[in-house]
Amino acid sequence: MDTSRITQLLQAHASGDQNALDELIPLVYSEMHKIARGRLIGERPDHTFSATALVHEAYLKLVDFNRIDWQNRYHFFGMASQVMRNILVDYAVKRQVQKRGGKRNRVTLDEEHLKEEMSLDDIISVDHALQRLEKLDERQAKVVECRFFGGLTIEETANTLGMSEPTVSRDWKMARAWLNRELKNV
Amino acid sequence: MKSRWNKIKRIFSEALMLEKDDRARYLDKICEGDSELMGEVLSLLDSHEVPGTLDQPMHNLRMSAISLARSNLMLGRMIGKYKIINDLGHGGMGSVYLAERADGEYVQRTAVKLQHSPFVSESQVKAFKSERQILASLEHDHIARILDGGLTDHGQPYYVMEFVDGKPIDEYCDEKRLTVHERLELFQDVCSAVQYAHRKLVVHRDLKPSNILVTNEGSVKLLDFGIAKVLGNGGELTGGTPLPDLQPEWQGFQPLTPSYASPEQVRGETITTASDIYQLGVVLYELLVGFQPYKLEGDSPEELERTICDSEPLCPGKRLTQSGLSRLASTSDLLQICEARDTAVSQLRRQLRGDVDAIVMKAMQKEPDCRYDSAEQLATDIRRYLAKKPVLAHPQTKLYRAEKYIRRNPVEITAAVLVFILLAAYIITITWHTQITHAALDEAQREADKSAQVVEFMLGMFRAGDPRVNPGDQITVRELLERGLGEANRLDNQPELQANMFNVIGKVYTSLGRYHDAVEILEKAVDIQRGFSGDTGTETARYMNDLAVALTRQGIYQEAYSLYTESLDILISQYGEKHPEVANTMALMGSWIPVTGFEESTRLRYKVLEIRIALYGENHLLTADAYMRVGQIERSRANPEKAIHLFGKAMEIRKNELGPVHPDVAESMIFMADVYRLYNMDPVKSEKLYREALAIQDEVLGEVHVSRLHGLSGMATLLSDKGDHAAAEELYLEGLMIRRQIYGEQHPSTAEGIGHLASGYSRMGDHEKAEYYLRKSLGIWETLLGPDHIAVSGAMVSLGNTLVDRQKFDEADSLFTRALEIQTQHYGENSGALVIAALGRLYQQRGDLDVAEQHLREAVELFEHTGSSEHFDVVRLREKLEELLVTRN
């Protein structure tokens, strides 16, 4: 995949070429897909589909945010991570409200099968903890957004945020340890 | 603040780079006695080492969140000529929307299926277009039509389909509470749609309940035919013609619904129509059983492949046994599943076992070649099953075919059996009288043995509670009996045979709960036999026993008692005391305590034990039976340890003789559990025994599910004593459901089950419900047995007690009085101690303590008078009296 082409198109689009987006979308999509697949190898295998999900998400956002001024593809990744965070937290909050409203349906049944997964509460607590981290260390919080919500690799995160890989790696380790500790004590 | 954070950050990162052993030294040095700083870093290092919240997978959450976000975005958009107006569902690869085509005059509601990922190559687009033509040509009543299809501006392929306002077939079936039979009938429509498409060379590839809708009118519609192939998730599975230019990342996707994927699909091999057959099998499995054949959640692709390709799923009939379920679900799930199929657990298992198992498993064979050749063949087999004909899927044994024939023609075949008995007996009579040849005699003997077996077979079939008897078959059985009775009535010139026939038919009536008819017919048998073989004939004695059984059920105890006495005399005079039949008769006689008397019953039961040990030794099943009987005596005598010892002995013998997993072993366990519970000795042990026994019974339910009732109600009582009323209620209801299924509403056993349920409510303090059910139960008893039956008096006492709890003293009083009348009528003046005790309780509740005391005393005296002072009812009663006296002082 020609990454420079993507960058080129993004720039063209940023400078007002609407047609560039039409060509861009499939390319970005395909690229994201590849990245996502590569990244998920080595994680739990049942993530196979979440690679796709992430890409869908990116795609969705691409379509919806087509007026956003794209700097480059990494800008796009950063955007996607942020959006993913919003979507997830939004979803978790809505579902929590629904649950408290006593609406029980098949969905709740499904959730019982997924005990090892992140829960709605977890998502909300992660978001809250991340907001606290933002106050302590904005850069680390950004790294978490990319890595945790966006699912980006160290390398992608580094490129997205304009940092060096070792720095991202250090930030991530610390932020992860800090957040996990915070969340454990809740 | 910030600088402190940065310090922590720096030390943390430095420490991480060091070997673990060096960290402590480093931290000591760098923190310079700042213990708070050191603590902070150490806790972060600890947290670094272990997985935490952030490390949990969130795939499903992501998917759900994205679906929601996406559908919010899509509303109102145009896809082709269609405007999206609602969201119908999302899968991993695509979404389905409700859309309207609003051009010109008319509005058409459609479903638009949109793939998320756009096509990236010309060849994909070309393949998509040609496939669309084929799909559009599918025209079948049970296939949703493809109306249109194309690519969005972004290159995403979409299909526009006829919108089907229906429910997934599994939901539909559950909601309408379709029986197994009805589900199978409906499923034939699914098969016919698949067959049609296969003839057009279209393979579905993704058959699953959510793709098989049923409209409210009950019409089946299959969605998404062939779409899986074109839309991404099946794209690489086209079998033979992989799309050129297809980029690697488009390949390797497994079907989106692994639960329904065939082994060849999981392995990424060539997909043929056989894959659809497999998926039909899985769907049918789920429709019938309520569970999917495999539990796949959370499996990795490798695990998934192993499970689907290598492991053998439990067949439907087995799945609903305790062992099949334990991995999956709770009893309440099971009850729900049965409820949705309008049936009882045992019945559902029975329905699934055998042919249905075979059909489903044949469709689900791992090897495509071993499955049904076509959907049509599968449908045909289902049709054959429904018509009670042999199915292809089943191994074709002779026995199997014969069984099929019998099931198909219950009336004719059993009539044939009857005729056969008559004929056989006829031959015997002839040959006996003319004594033609030895050969003929041998032949006749053989026939006689055979006919005896046939009689046994018949009795077995009619025996109430036999799982082979469908409740619906009782009508035919009754018709058959009427016919048999007619035949028997014409046998005046062959009295011995006639007596035999009356005896057989009478016993069948007994097991059907028609005691009145049974008594009448069995009396005839005894009279005829008596006339034939005289007062000392052993055959007469046997017939007397059978009559006595019916009489006790009918509540005519005195007469039954004298019959037993007479029959026992005959048998002892003919055989001596140490004879199996003598022991059997004593056992029968001793089993009905009210009239035999507690002492006499005790004596008889111990005598039976003695005779059987002498006859068969310690380790014999009949000895075990005798141990059970004396165990019950000791239980009632308030000797719990002894009772447990005796039941335990019986259990050991049964285990030795029958193996550990046998209903008789379970029975012994249940009796032990009862004692542990009744005497409050060891509720934990009691529960364990109940559960173990119920599991055994479940496992081998084939013959014994009536025996489950005892354990179920015992376990229920235990649970309700424990305060777990909800679980208890469930078990009571399950017991009642079984009774209703087997016996119907108007049967003593059902009345009894309702009574148990009521006692459960009473224990949980819901006296209102208890009253409702006790009235119902009393009503059944009265209808069945007339107003003067002893069982009616029992039901009256139960209702009366509940009425006392509800402070309805007057009605309770009149019920007790009536019950007392009935009991003295049956048992004589000195009976009804329990009723008098109940009256005592009534007065006590009313506050009339003088009269209460008077009644309780009278009750105790009566008990003692009848020689059952050791009975635990008396023991309890004495305690109550003591309590009353204490409160009075």
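Residues numbered from 1 in each chain as written. Chains lettered and ligands numbered in written order. Predicted model: local features only at pLDDT ≥ 70, side-chain atom pairs only at ≥ 80, totals over all residues. Heavy atoms only, no water.

## Description of the overall build of chain A
Filter applied, for reference: Working definition: helices are DSSP H or I runs of at least four residues, strands are E runs of at least two. Numbering for both runs from the N terminus. For every residue, the accessible area (1.4 Å probe, protein chains only) is compared with the maximum for its type, and the residue is labelled buried under 20%, exposed over 50%, or partly exposed between those bounds. In this description, contact between two residues means that some pair of their heavy atoms is separated by no more than 4.5 Å. Using the Shrake-Rupley algorithm and a 1.4 Å probe, accessible areas are obtained, with residue cover drawn only from the displayed protein chains.
Helices and strands together make up the secondary structure of chain A, namely nine helices and zero strands. Sequence-ordered secondary structure for chain A, helices as α and strands as β, is α-α-α-α-α-α-α-α-α. Of all 186 residues assigned to chain A, the portion counted as buried reaches 52%. Taking as baseline every contact in chain A between residues at least 6 positions apart, the subset at least 24 positions apart corresponds to 59%. By element, 49% of the accessible surface of chain A is carried by carbon and sulfur atoms, the whole surface being about 8,700 Å².

## Remarks on the overall build of chain B
Broken down by element type, chain B carries 42 helices and nine strands. A sequence separation of at least 24 residues applies to 61% of the contacts in chain B between residues at least 6 apart. Split by element, the accessible area of chain B, about 39,200 Å² in all, is 50% carbon and sulfur.

## Some thoughts on helix α23 (residues 515-533) of chain B
Residue and element names in this part refer to chain B. We apply this condition: Given the number of residues in a helix, its expected span is that number minus one, multiplied by 1.5 Å.
Taking 1.5 Å as the rise per residue, α23 with 19 residues should run 27 Å; its terminal C-alpha atoms sit 26 Å apart, in good agreement. Every buried residue belonging to α23 is among Tyr515, Ala518, Val519, Ile521, Leu522, Ala525, Val526, Ile528 and Gln529, and all of these are buried. Following α23 by one or two positions, Gly534 has its phi on the positive side, about 80°.

## Points about the side chain of B:Thr540
All names here are of chain B. Tracing the backbone shows Thr540 in helix α24 (residues 538-554). Residue Thr540 is classed as buried on the basis of its relative accessible area of 0%. Ignoring any residue separated from it by four or fewer positions in sequence, one finds Thr540 in contact with Val526, Gln529, Arg530, Ser533 and Gly534.

## Some words on unusual backbone geometry
For residues that are not glycine, phi is negative in most cases, and the peptide bond is trans in most cases. Residues and elements named next belong to chain B. Positive phi, normally seen in glycine, also occurs at Glu32, with a value near 50°. Here Glu32 shows up in the loop between α2 (20-31) and α3 (35-49). Classification of Glu32 as exposed rests on a relative accessible area of 68%.

## Things to note about the environment of B:Leu392
Residue and element names in this part refer to chain B. Here Leu392 is to be found in the loop between α17 (375-386) and α18 (398-408). Along the backbone, Leu392 and Asp355 are 37 residues apart, and their C-alpha atoms lie at a distance of 9.2 Å. Those residues in contact with Leu392 that sit more than four places away from it in its chain are Gln377 and Asp381.

## Regarding the sheet that holds strand β8 (residues 212-215) of chain B
Residue and element names in this part refer to chain B. This is how it is decided: Here, a strand pair is defined by DSSP locating no fewer than two bridges between the strands. Only the stretch in contact is used when a helix axis is fitted, and all axes are lines through C-alpha atoms; the angle between N-to-C directions ranges over 0 to 180 degrees.
Ordered by their spatial adjacency, three strands build an open sheet running β7-β8-β9, and the pairing between neighbours is antiparallel. Sheet topology places β7 (166-168) and β9 (220-222) at the edges, where each strand pairs with a single neighbour. Within this sheet the neighbouring strands show an average axis-to-axis angle of 35°, counted without direction. For β8 and β9, the ladder comprises three bridges, and the chain directions are antiparallel. Bridge pairing in β9 places Ile212 opposite Leu222. Lying on the sheet, helix α7 (residues 180-199) is in contact with β8 and β9; it crosses β9 at an angle near 35°.

## A word on the packing of α23(B) against α24(B)
All names here are of chain B. To keep things clear, this is the line we draw: Any angle between 65 and 115 degrees counts as roughly perpendicular, while under 35 counts as roughly parallel, over 145 as roughly antiparallel, and the rest as oblique. For any pair of crossing helices, the crossing counts as left-handed if the nearer helix is rotated counterclockwise from the farther one by less than a right angle, and right-handed if it is rotated clockwise.
Where α23 contacts α24, the axes come no closer than 9 Å and their chain directions differ by 160°. Put simply, α23 runs roughly antiparallel to α24. Considering only the axes of α23 and α24, their crossing is left-handed. In this structure, α23 contributes Tyr515, His516, Ala518, Val519, Leu522, Glu523, Ala525, Val526, Gln529, Arg530 and Ser533 to the contact, and α24 contributes Glu539, Thr540, Tyr543, Met544, Asp546, Leu547, Ala550, Leu551, Arg553 and Gln554.

## Description of the side chain of B:Glu853
Residue and element names in this part refer to chain B. Looking at where Glu853 falls in the secondary structure, it is placed in helix α41 (residues 849-865). Judged by its relative accessible area of 15%, Glu853 is buried. Non-local contacts of Glu853, meaning those with residues more than four positions away in its chain, are made with Leu881, Leu884, Leu885 and Arg888.

## Details of a negative patch on the surface
Residues and elements named next belong to chain B. Heads up, the condition is: Residues qualify for a patch when their relative accessible area is over 30% and they have no salt bridge, like charges being joined within 9 Å and the nonpolar side chains of Val, Leu, Ile, Met, Phe, Trp and Tyr within 5 Å. The rule for a salt bridge is simple: a side-chain nitrogen of Lys or Arg has to be within 4 Å of a carboxyl oxygen of Asp or Glu. Positive charge is attributed to Lys and Arg, negative charge to Asp and Glu, and no charge count is given to His or to the chain ends. The atom standing in for a charge is NZ when the residue is Lys, CZ when it is Arg, CG when it is Asp and CD when it is Glu.
A surface patch of negative charge is lined by Glu302, Glu303, Glu305 and Asp310. Locating Glu305 in the fold gives a position in helix α11 (residues 301-310). Judged by its relative accessible area of 33%, Glu305 falls in the partly exposed class.

## Details of the confidence of the model for chain A
All names here are of chain A. Just so we agree on the cut-off: The predictor's confidence in any single residue is recorded as pLDDT, a number from 0 to 100.
In this model, chain A carries an average pLDDT of 67, and 45% of its residues clear a pLDDT of 70 or more. In the model, residues 59-70 has pLDDT below 50 throughout and makes 34 contacts with residues more than four positions away in sequence or in other chains. In this model residues 102-115 is a low-confidence stretch, pLDDT under 50, and it forms 12 contacts with partners more than four residues away in sequence or in other chains.

## Concerning the environment of B:Asn86
All names here are of chain B. Along the chain, Asn86 falls in strand β2 (residues 82-90). Of the residues examined, Asn86 reaches a relative accessible area of 39% and is grouped as partly exposed. Between the C-alpha atom of Asn86 and that of Tyr97, which follows or precedes it by 11 residues, the distance is 5.7 Å.

## Topic: the pattern of salt bridges
Residue and element names in this part refer to chain B. Evaluation of the coordinates by the stated rule reveals 47 salt bridges over all chains. A salt bridge links Asp625 to Arg629; the nearest nitrogen and oxygen atoms lie 2.9 Å apart. In this pair, Asp625 and Arg629 both sit in helix α29 (residues 621-636), four residues apart, roughly one turn of the helix. Note that Arg763 and Asp721 form a salt bridge whose closest N and O atoms lie 3.7 Å from each other. Taken together, the residues span a long stretch of sequence, with Arg763 in helix α36 (residues 748-763) and Asp721 in helix α34 (residues 707-722) at a distance of 42 residues. For Asp721, a relative accessible area of 49% corresponds to the partly exposed category. One network of salt bridges, in which partners are shared, links Glu771, Arg775, Arg806, Lys808 and Glu811.

## A look at the confidence of the model for chain B
All names here are of chain B. Looking at chain B, the pLDDT average stands at 78 and 78% of residues meet or exceed 70. Ranking the elements of chain B by mean pLDDT puts helix α19 (residues 410-434) last with 39 and β8 first with 94. Of the regions scoring below 50 in pLDDT, residues 232-255 engages in 54 contacts with residues more than four places distant in sequence or in other chains. Below a pLDDT of 50 lies the segment residues 396-406, which in the model reaches 16 contacts outside its immediate sequence neighbourhood of four places, other chains included.

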